[in-house]
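Commentary on secondary and tertiary structure
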Amino acid sequence: MSNAMPSTDAAAMPPRPFRAPAPVPHSEPLSFFGFIRTATRNPIEIWGTRAFKEPYVVGKWLGVPNIVLNEPRAVRHVHVENPKNYVMQPLRQRLLRPLLRDGLLTAEGQLWRRTRKAIAPVFTPRHIAGFTEPMAARCENAAERLRGMAGQTVDISHETTLLTFDILQATLFSDDIESEPNEFARSTAQFLGSMGRVDPLDLLGAPDFLPRIRRLRGRKSMLYFRSMIAETIVKRQRQMEKDPNGVPPDLLTLLLKADGLSRDEIEDNIITFIGAGHETTARSLAWTFYLLSQAPDELRKVEEEIDRVLPTLDHPSQYLDALPRTRAVFEESMRLYPPAASLNRTALRPDRIGDLEIPAGSTVLVMPWLIHRHEMLWDRPDHFIPDRFMPENREKLDRYQYLPFGVGPRICIGASFALQEAVIALAILMRSLRFEFAGSKQPSVIQRITIQPEDGLPMTIRER
Ligand code: HEM
């Protein structure tokens, strides 16, 4: 009989699989003011233990029924079978519409249908494959810059945001912006900063004419930001008139060639792509590096795949299909930290899902944050287990239990763009670099539009 004790080294290793940090759900309901305080500071902390265990949770806020759906069958009903009955929730629209106006994310009804139809051809697989070269080139630049900083500790979340912003600039405008690049980056950051915060007045359903202090501050920077985009569009239009074949094949050119979009609508959609399309991917990349730094076995498997497969590929358009483990790690990171935590809708007419009544006017929430960590749906829901997303296991997942990009007619139009970008970024960065977590405690997770680390993710850069 062996009486071997675990070695101190083994005891010091992080537990395997790694349990991904998250706010601890409260077991008692929050008071009225506790709710406002929590929802303003960090909305994901309002959820109690029941929300992670039960098929649905029904509550009321200011007299309006609030229904959280956790069952895949119910998600399918709302988002696929009867989506016409579920419009965007007014609070979400109040926050986003002043910034994104008639862009696809905030458009509704006939305007949304027309815009989606016009923009869908911009995101075809052929066009997205066409973006792999600028994506890879920007990732190579980032890898070189980070190699030059080896040994230093950086906020990896900031670094991934710089990278995805650079990729967005390259794929949207081919760097041809009517502004000095740093000025554009600063202005974008200010604009995005004004997007994230929920104002207590919004939660109380206060009318729109009451000024929201936080948002007033953002107004000037928003107008400046818009004027820069408008000038960039005019410049490109002139170039296209002069020489239609001489313009770069980027998203701006594709939008200008799309049928049925006015110039204002193109502006709104460019701003929407900037708002929806880079911070999301950046956060997931940063969480992926963090999770891998805590799970040495998983890190080793991804590095092995990248080292073995990358030298056999001739073009970055092959990466997504050829690197299933790299993709699985990114998908598991989006499960644990879905950048978009919540899909918020309001029921127009009464509806019924099984024995659950949905009164007209109810707020109906489908929350990746809850569904992705739900005890009914996942084995060890809080643990980092990328194998769940390996091709041989994927079929075991219900289509409606994993929703990082939403589902149904309003599914993210940039999903393939984002997945491709993420796998290219992971492959190119991890080929020569490794990131070690340098925080003194586990990161706190906060929702500010996206799910993010409250105080950044300090990581030390190492060359491999
Ligand atoms: C990891 C990256 C991303 C995540 C997690 C993400 C997530 C989402 C989600 C959950 C929705 C649906 C919202 C709802 O139903 O209420 C959505 C919609 C949308 N996303 Fe993304 N997104 C990502 C990247 C991108 C990119 C790269 C772009 C554009 C370049 C983009 C543009 C949009 C647009 C325009 C919509 C609105 C679609 C519609 O309503 O028809 N997203 N995204």
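Residues numbered from 1 in each chain as written. Predicted model: local features only at pLDDT ≥ 70, side-chain atom pairs only at ≥ 80, totals over all residues. Heavy atoms only, no water.

The chain is annotated in an unreviewed UniProt entry as Cytochrome P450 from Fulvimarina endophytica. We quote the UniProt Cofactor (unreviewed entry) comment for the chain here in full: "heme". (UniProt positions renumbered as here; feature names shortened; annotations may be inferred.)

As for the overall build of the chain
Check the secondary structure of the chain and you find 20 helices and twelve strands. In the chain, buried positions account for 53% of the 464 residues. Considering only contacts within the chain whose residues lie at least 6 apart along the sequence, 75% involve residues at least 24 apart. Between the centroid of the 60 positive side chains of the chain and the centroid of its 57 negative side chains there is a distance of 5 Å. (Helix = DSSP H or I, 4+ residues; strand = E, 2+ residues; numbered from the N terminus. Buried < 20%, exposed > 50% of the residue type's maximum accessible area, 1.4 Å probe, protein only. Contact = heavy atoms within 4.5 Å. Lys, Arg positive; Asp, Glu negative; His and termini not counted. Charge placed at Lys NZ, Arg CZ, Asp CG, Glu CD.)

Some remarks on the packing of helix α15 (residues 296–309) against helix α17 (residues 324–336)
Relative to each other, α15 and α17 sit at 140°, their axes nearing to 8 Å. Classed by the angle they form, the pair α15 and α17 counts as oblique. For the pair α15 and α17, contact is made by Glu298, Lys301, Val302, Glu305 and Ile306 and by Pro324, Arg325, Thr326 and Val329, respectively. Among the residues forming the contact of α15 with α17, the class breakdown is four nonpolar, one polar and four charged. (Axes fitted to C-alpha atoms, helices over the stretch in contact; angles between N-to-C directions. Parallel < 35°, antiparallel > 145°, perpendicular 65-115°, else oblique. Nonpolar A, V, L, I, M, F, W, Y, C, P; charged D, E, K, R; others polar.)

Thoughts on the pattern of salt bridges
Applying the stated criterion across every chain, the model contains 34 salt bridges. In the salt-bridge network here, residues are joined through shared partners; they are Glu298, Lys301, Arg325 and Asp387. (Salt bridge = Lys/Arg side-chain N within 4 Å of Asp/Glu carboxyl O.)

What about the environment of Pro443?
Mapped onto the fold, Pro443 is located in the loop between β9 (433–437) and β10 (445–448). Considered as a pair, Pro443 and Pro453 are ten residues apart in the sequence and their alpha carbons are 5.8 Å apart. Setting aside residues up to four positions removed in sequence, Pro443 forms contacts with Pro21, Trp287, Tyr290, Phe437, Pro453 and Leu457.

Observations regarding the nonpolar core
Formed by 136 residues in total, the largest nonpolar core has its most connected members in Trp47 and Trp369. Examining the composition of this core, we find that 13 residues originate from one element, helix α20 (residues 415–432), more than from any other. Sequence-distant contacts of Trp369, that is, excluding residues within four places in its chain, are made with Ala22, Pro23, Ile44, Trp47, Phe52, Leu336, Tyr337, Pro338, Ala341, Val445 and Ile451. (Core = buried A, V, L, I, M, F, W, Y, C linked by side-chain atoms within 4.5 Å.)

Brief notes about the sheet that holds strand β12 (residues 458–463)
Taken together, three strands build an open sheet; the order of strands is β4-β12-β9 and the sheet is antiparallel. Only two strands of the sheet have a single neighbouring strand rather than two, namely β4 (153–155) and β9. Pairs of neighbouring strands in the sheet enclose a mean axial angle of 40°, with direction left out of account. With five bridges connecting them, β9 and β12 associate as antiparallel partners. Residue Arg434 lies in a different strand from β12, and its bridge partner there is Arg462. Against the sheet, α20 contacts β9 and β12, and its axis sits at roughly 85° relative to β9. (Pairing = 2+ DSSP bridges.)

Some words on the site of the ligand
The environment of the ligand is made up of 27 residues, and the closest members are Trp112, Arg116, Arg345, Arg410 and Cys412. Between the ligand and the protein, one listed contact pairs an oxygen atom with a side-chain N or O atom of Arg410 at 2.9 Å. When residues of the shell around the ligand are traced back to their parent elements, those giving at least two are α5 (109–119), α13 (263–277), α14 (279–293), β5 (343–347) and α20. A per-element tally of the shell around the ligand places α13 first, with three residues. (Near = heavy atom within 4 Å. Polar contact = N/O pair within 3.5 Å; in protein donor to acceptor, adjacent residues only side chain to side chain.)

Some remarks on the packing of aromatic side chains
Evaluation of the coordinates by the stated rule reveals 15 aromatic pairs. Taken together, a centroid distance of 6.4 Å and an interplanar angle of 45° make the contact between Trp378 and Phe389 tilted. Highlighted residues: Trp378 in the loop between α18 (368–371) and α19 (391–394) and Phe389 in the loop between α18 and α19, separated in sequence by eleven residues. The residues Trp378 and Phe389 share a single accessibility class, namely buried. (Phe/Tyr/Trp six-rings, centres within 6.5 Å; stacked < 30°, edge-to-face > 60°.)

Remarks on helix α7 (residues 132–147)
Residues spaced three or four apart along an α-helix face the same direction, because each turn holds 3.6 residues. Across its 16 residues, α7 extends 22 Å between first and last C-alpha, which sits within 8% of the 22 Å expected from 1.5 Å per residue. Of all the positions in α7, only Thr132, Met135, Ala136, Arg138, Cys139, Ala142, Ala143 and Leu146 are classed as buried. Projected down its long axis, α7 shows its buried positions confined to an angular sector of 165°, all on one face. Elements in contact with the buried residues of α7: α6 (125–130), α8 (156–173), α20, β9 and β12. (Expected span 1.5 Å × (residues − 1). Arc of directions from axis to C-beta.)

Section: the sheet that holds β5
Strand order in the open sheet formed by five strands is β1-β2-β8-β5-β3, with mixed pairing between adjacent strands. In this open sheet, the two edge strands, each paired with only one partner strand, are β1 (56–61) and β3 (86–88). Sheet twist, expressed as the average angle between the axes of neighbouring strands with direction ignored, equals 30°. In this structure, β1 lies alongside strand β2 (residues 64–69), joined through six bridges in antiparallel fashion. Looking at the pairing, Lys60 lines up with Pro65 of β2.

Observations concerning unusual backbone geometry
Here the phi dihedral of Ser174 falls at roughly 50°; this positive angle occurs in a residue that is not glycine. Looking at where Ser174 falls in the secondary structure, it is placed in the loop between α8 and α9 (181–193). Take Ser174: its relative accessible area is 31%, and that puts it in the partly exposed class. At Ile449, a position not held by glycine, the phi torsion is positive, near 60°. Tracing the chain through its elements places Ile449 in the loop between β10 and β11 (450–453).

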